[in-house]
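Survey of secondary and tertiary structure
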Amino acid sequence: MDEHLYIIAYDIADQKRWRAIFRLLHGYGEWLQLSVFQCRLSRLRHAELIATLDEIIHHKEDHVILMDLGVTDTVKPKVVSLGKEFQAVEKEPIVV
């Protein structure tokens, strides 16, 4: 199963929806900083995430972007990180 590494950033107009998006993404990946996550996603989990995000956001007020960095086993993200060290999210078992 090929997983891709994604950087997900969001700008949500309403605080209640912002918290819902934050909690949702915490179940899919690791928090990097305010409104930014990194996630390892299979095609199925990517589709599930997109569908759930689509239900939560208000399309005229909110904005979510998912940046596909490539297949996690082969991608070597080139990141400049000032302050805290950046490490790509590692593969871990998923408890359902």
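The notes below deal with the structure included here. In this text, all values refer to a predicted model and were calculated from it rather than measured experimentally. Sequence positions are assigned chain by chain, starting from 1 and proceeding in written order. Local features in this predicted model are restricted to residues whose pLDDT is 70 or higher, and side-chain atom pairs enter the listing and the counts only when it is 80 or higher, whereas totals over whole chains, interfaces and linings include all residues. Values shown for side chains rest on all heavy atoms present in the structure; no hydrogens or waters enter the calculation.

Some thoughts on the nonpolar core
Across soluble globular proteins, you tend to see nonpolar side chains buried next to one another. The test is simple: Side-chain atoms within 4.5 Å are what join buried Ala, Val, Leu, Ile, Met, Phe, Trp, Tyr and Cys residues into a set we call a nonpolar core. Each residue gets one of three labels from its accessible area relative to the maximum for its type: buried under 20%, exposed over 50%, partly exposed in between, using a 1.4 Å probe on protein chains only. Helix numbers and strand numbers start at the N terminus; a helix is a DSSP run of H or I with at least 4 residues, a strand a run of E with at least 2. Two residues qualify as a contact provided that any one of their heavy atoms is within 4.5 Å of a heavy atom in the partner residue.
Counting 16 residues, the largest nonpolar core has Ile8, Tyr10, Ile12, Ile21, Leu25, Leu49 and Val64 as its most contacted members. When residues of this core are traced back to their parent elements, those giving at least two are strand 1 (4-11), helix 1 (15-26), strand 3 (36-41) and helix 2 (43-56). For this core, the element with the most residues is helix 1, which contributes 4 residues. Valine 64 has contacts with Ile8, Ala9, Tyr10, Ile12, Leu53 and Ile57, leaving out every residue within four places of it along the chain.

Comments concerning the environment of leucine 69
Looking at where leucine 69 falls in the secondary structure, it is placed in strand 4 (residues 63-71). On the basis of relative accessible area, leucine 69 is assigned to the partly exposed category, the value being 35%. In sequence terms leucine 69 and histidine 4 are 65 residues apart; their C-alpha atoms lie 6.9 Å from each other.

As for helix 2
Rules: To estimate the expected span of a helix, subtract one from its residue number and multiply by 1.5 Å.
In a regular helix each residue adds 1.5 Å, so 14 residues correspond to 20 Å; helix 2 covers 20 Å between its end C-alpha atoms and thus fits that length. Of the surrounding secondary structure, the elements contacted by the buried residues of helix 2 are strand 1, helix 1, strand 3 and strand 4.

Some details on the packing of aromatic side chains
To keep things clear, this is the line we draw: Aromatic contacts are taken between Phe, Tyr and Trp rings whose centres are within 6.5 Å, Trp giving its six-membered ring; a plane angle under 30 degrees counts as stacked, one over 60 as edge-to-face, and the others as tilted.
With the rule as written, the count across this model stands at 5 aromatic pairs. On the basis of an interplanar angle of 45° and a centroid distance of 6.2 Å, the ring pair of tyrosine 10 and tryptophan 18 is categorised as tilted. The burial state of tyrosine 10 is the same as that of tryptophan 18; both residues are buried. Ring geometry for phenylalanine 22 versus phenylalanine 37: centroids 5.4 Å apart, planes at 65°, classification edge-to-face.

A short note on the sheet that holds strand 2 (residues 29-33)
To keep things clear, this is the line we draw: Strand pairing is assigned whenever DSSP detects at least two bridges linking the two strands. Angles here are taken between N-to-C directions and fall from 0 to 180 degrees, while the axes themselves are lines fitted to C-alpha atoms, restricted in helices to the stretch in contact.
Within the open sheet, the 4 strands sit side by side as 2-3-1-4. Their pairing is antiparallel. Single-partner strands in this sheet number two, and they are strand 2 and strand 4. Strand-to-strand, the axes of this sheet are offset by a mean angle of 25°, without reference to chain direction. As paired elements, strand 1 and strand 4 share 8 bridges and run antiparallel to each other. The residue bridging isoleucine 7 from the neighbouring strand is methionine 67, located in strand 4. The strands touched by helix 1 are strand 1, strand 2 and strand 3; relative to strand 1, the strand with the most contacts, the crossing angle is about 170°. In the packing of helix 2 onto the sheet, contacts are made with strand 1, strand 3 and strand 4, and the angle to strand 4 comes to roughly 175°.

Notes on the environment of glutamate 61
The line we're drawing: Polar contacts, as used here, are pairs of N or O atoms within 3.5 Å; protein pairs need one atom able to donate a hydrogen and one able to accept it. Residues neighboring in sequence count only if both atoms are side-chain atoms.
Position of glutamate 61 among the secondary structure elements: in the loop between helix 2 and strand 4. In this structure the C-alpha to C-alpha distance between glutamate 61 and isoleucine 12, which are 49 residues apart in sequence, comes to 7.1 Å. For glutamate 61, the residues in contact, after removing those within four places along its chain, are Asp11, Ala13 and Arg17. Separated by 2.9 Å, the side chains of glutamate 61 and arginine 17 make a polar contact.

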